[in-house]
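The chain contents come next:
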Amino acid sequence: MRWVAADVEMYQKAAEYVDTAIVPLLPVSFGDDMKQNASMAEFIGILTTQLEKQFKGRIFLFPDFVYIKGHEASIKALKEWENTLLDKQFKHVFYVTSDSSWRQQEKELTGNLLWLPSLSLEHMQEQQKVSIVEDQVKQLLSLFTEKWQED
Amino acid sequence: MSKHRVSRRQFLNYTLTGVGGFMAAGMLMPMVRFAVDPVLKGEDAGDFIATPLKIADITNEPQKVNFSFTQKDAWYESEETGTAWVFKNEGGEIVALSPVCKHLGCVVDWNTDKKNPNMFFCPCHYGLYEKDGMNVKGTPPLAPLDVYPTKEKDGFLYVGKAEPRKGA
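Rules behind the numbers
Residues numbered from 1 in each chain as written. Chains lettered and ligands numbered in written order. Predicted model: local features only at pLDDT ≥ 70, side-chain atom pairs only at ≥ 80, totals over all residues. Heavy atoms only, no water. Helix = DSSP H or I, 4+ residues; strand = E, 2+ residues; numbered from the N terminus. Buried < 20%, exposed > 50% of the residue type's maximum accessible area, 1.4 Å probe, protein only. Contact = heavy atoms within 4.5 Å. Areas by Shrake-Rupley, 256 points an atom, 1.4 Å probe, with all protein chains shown as cover. Pairing = 2+ DSSP bridges. Domains from an automatic or database assignment. Buried area = accessible area lost by both parts, 1.4 Å probe. Salt bridge = Lys/Arg side-chain N within 4 Å of Asp/Glu carboxyl O. Polar contact = N/O pair within 3.5 Å; in protein donor to acceptor, adjacent residues only side chain to side chain. Nonpolar A, V, L, I, M, F, W, Y, C, P; charged D, E, K, R; others polar. UniProt positions renumbered as here; feature names shortened; annotations may be inferred. Phe/Tyr/Trp six-rings, centres within 6.5 Å; stacked < 30°, edge-to-face > 60°. Core = buried A, V, L, I, M, F, W, Y, C linked by side-chain atoms within 4.5 Å.

Participant: So what exactly am I meant to see when it comes to the overall build of chain A here?
Facilitator: Along the backbone of chain A there are four helices and five strands. From first element to last, N terminus to C terminus, chain A shows the α and β order α-β-α-β-β-α-β-β-α. Of all 151 residues assigned to chain A, the portion counted as buried reaches 41%. The long-range share in chain A, meaning contacts at least 24 apart out of those at least 6 apart in sequence, stands at 74%. For chain A, the exposed surface amounts to about 8600 Å²; the carbon and sulfur share of it is 52%.

Participant: Looking at this structure, how should I read the sheet that holds strand β2 (residues 63-73) of chain B?
Facilitator: The strands that make up a sheet pair up through hydrogen bonds in the backbone, lying either parallel or antiparallel. All names here are of chain B. In spatial order, the strands read β2-β3-β4-β8; together these four strands make up an open sheet with antiparallel pairing. Only two strands of the sheet have a single neighbouring strand rather than two, namely β2 and β8 (147-148). Where β2 lies against strand β3 (residues 76-88), eleven bridges are found, and the strand directions are antiparallel. For Phe 69, the partnering residue across the bridge sits in β3 and is Glu 80.

Participant: Help me understand the environment of A:Leu119, please; the structure alone is not making it clear to me.
Facilitator: Residues and elements named next belong to chain A. In this fold, Leu 119 is placed in the loop between β5 (112-115) and α4 (126-150). Looking at Leu 119, the relative accessible area reads 26%, which means it is partly exposed. Between the C-alpha atom of Leu 119 and that of Ser 98, which follows or precedes it by 21 residues, the distance is 9.1 Å. Residue contacts for Leu 119: discarding those within four places in its chain leaves Phe 43, Ile 132 and Gln 136.

Participant: Looking at this structure, I do not really get the sheet that holds strand β6 (residues 120-122) of chain B. What am I missing?
Facilitator: Residues and elements named next belong to chain B. An order of β5-β6-β7 is seen for the three strands of this open sheet, with the pairing classed as antiparallel. Whereas interior strands pair on both sides, the edge strands pair on one side only; in this sheet they are β5 (109-110) and β7 (127-129). Bridge count for β6 against β7 is three bridges, and the pairing is antiparallel. Across the sheet, residue Cys 122 finds its bridge partner in β7, namely Gly 127.

Participant: I would appreciate a short explanation of the domain arrangement of chain B in the present structure.
Facilitator: Interface size is commonly expressed as the accessible area that is lost once the parts come together. Domain annotation for chain B reports domain 1 (8-40) and domain 2 (49-159). A straight line from the C-alpha centre of domain 1 of chain B to that of domain 2 of chain B covers 55 Å.

Participant: Hey, could you run me through the interface of chain B and chain A in this one?
Facilitator: With ten residues of chain B at the contact, the number on the chain A side is 13 residues. At the boundary of chain B with chain A, total buried surface from both sides reaches about 1000 Å², with 58% on carbon and sulfur atoms. Put simply, chain B and chain A have one salt bridge between them. There are four residue pairs in polar contact (both at pLDDT 80 or more) connecting chain B and chain A. Of the residues assigned to the side of chain B that touches chain A, the class counts are six nonpolar, three polar and one charged.

Participant: Can you walk me through the UniProt feature "domain: Rieske" (unreviewed entry) in chain B in this structure?
Facilitator: Residues annotated in UniProt with the feature "domain: Rieske" (unreviewed entry) correspond here to residues 86-159 of chain B. Helix makes up 0% of residues 86-159 of chain B and strand 34%, and the two end C-alpha atoms of the span are 10 Å apart.

Participant: When you look at the UniProt feature "transmembrane region" (unreviewed entry) in chain B in this model, what are you seeing that I'm missing?
Facilitator: In the numbering adopted here, UniProt assigns the feature "transmembrane region" (unreviewed entry) to residues 12-32 of chain B. Here residues 12-32 of chain B runs as 100% helix and 0% strand, with 29 Å between its end C-alpha atoms.

Participant: What's the story with the packing of aromatic side chains in this structure? I'm lost.
Facilitator: Any aromatic ring pair is given by two values, namely how distant the centres are and how the planes are angled relative to each other. Residues and elements named next belong to chain A. This model, assessed by the stated rule, comprises 19 aromatic pairs over all chains. Centre to centre, the rings of Tyr 11 and Phe 60 are 5.3 Å apart; their planes meet at 90°, and the pair counts as edge-to-face. Of this pair, Tyr 11 sits in helix α1 (residues 5-13) while Phe 60 sits in strand β2 (residues 59-61), placing them 49 residues apart in sequence. Judged by its relative accessible area of 15%, Tyr 11 falls in the buried class. Judged by relative accessible area, Phe 60 falls into the buried class, the value being 2%. Judged by centre distance (5.3 Å) and plane angle (90°), the rings of Tyr 67 and Trp 102 are edge-to-face. Highlighted residues: Tyr 67 in strand β3 (residues 65-68) and Trp 102 in the loop between β4 (92-97) and β5, separated in sequence by 35 residues. For Trp 102, a relative accessible area of 1% puts it in the buried group. Taken together through their ring pairs, the aromatic side chains of Trp 3, Tyr 11, Phe 60, Phe 62, Trp 81 and Phe 90 make up a single cluster.

Participant: Honestly, the pairing of strand β4 (residues 94-97) of chain B in this entry has me stumped. Any pointers?
Facilitator: Regular strands show a simple pattern: their side chains alternate between the two faces of the sheet. All names here are of chain B. With four bridges joining them, β3 and β4 adopt antiparallel strand pairing. The residue of β4 that forms the bridge with Val 86 is Ala 96. The antiparallel hairpin formed by β3 and β4 contains five residues in its connecting segment, where Gly 92 sits at a positive phi of about 85°.

Participant: Help me understand the nonpolar core in this model?
Facilitator: Within soluble globular proteins, side chains that are nonpolar tend to cluster in buried spots. Core analysis: the biggest nonpolar cluster contains 33 residues, and A:Ile22, A:Leu47, A:Phe144, B:Val108 and B:Phe120 have the highest contact counts within it. Looking at this core, the elements with two or more residues in it are β1 (20-28), α2 (34-54), β2, β4 and α4 of chain A together with β3, β4 and β6 of chain B. Sort the elements by how many residues they give to this core and α4(A) lands first, with six residues. Ignoring sequence-local partners within four residues, the contact set of A:Phe144 consists of A:Thr20, A:Ile22, A:Leu51, A:Phe55, A:Ile59, A:Phe94 and A:Leu114. By size, the runner-up hydrophobic cluster in this structure holds 22 residues, among which are A:Ala15, A:Ala21, A:Phe62 and A:Val93.

Encoded structure:
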């Protein structure tokens, strides 16, 4: 489910079935890595949309968590997010990002960090794009089902 | 070769009829085309969407087929990918099932659950469907999988809009 009115309505009727939250973490900056951050956002955006399509009934894809790159306060803000989600009966929280700086802070988070090296989809052919994203999604799918089977 | 002299009058006559003829044809041709337009219109597949699957390749084992179509959502037009599980049933008829679980809309897969072979399985809440798309009682889904109307054209499979069926 996504953060749109129709899906939220469905969620409110079937909240007990939706126990997994996905929050994309997207950095914004204005330096040399500005373009790189933009392509990260593109890649993570496509990837999470595909994930949500496959697992629409059990995953809630939340709006992007956007922060200024290198800003220390972002971990605090994210923790607040996390606590709210865990309170609201989301048993599994996944963060999807290409920003490697989160890997050092992974221990502070209860949720699972899915760090994926960003791929620049800018110059790719349509077909190639689709097959690359499909591959990545397939790998993530099994990760989710394994996590679900644990409980 | 006989030497046939063309007079000035004849030459002008020929040229004028020729040019006039072309002009008349230029006017009449589109008119005739408009008049017979319904006949000229090729048979299109209507709302049916072409899939890359050949009819000859359809077996008794469900196989996944992706097809793309454009979807218009207010001012936003996007290329969407649809999926169908296609197979031949015992009667030899082609069946195309929608992969969207009737419970909460996850994507079901064929034969992926080891405990329940030869069934459609939904990984989200472990919903099960028989091969013909009927939901298994006791699992979350309350209705059978939607069915695409199918059509054959030039040896390829065409699918229409998925339609719901009555449940078990």
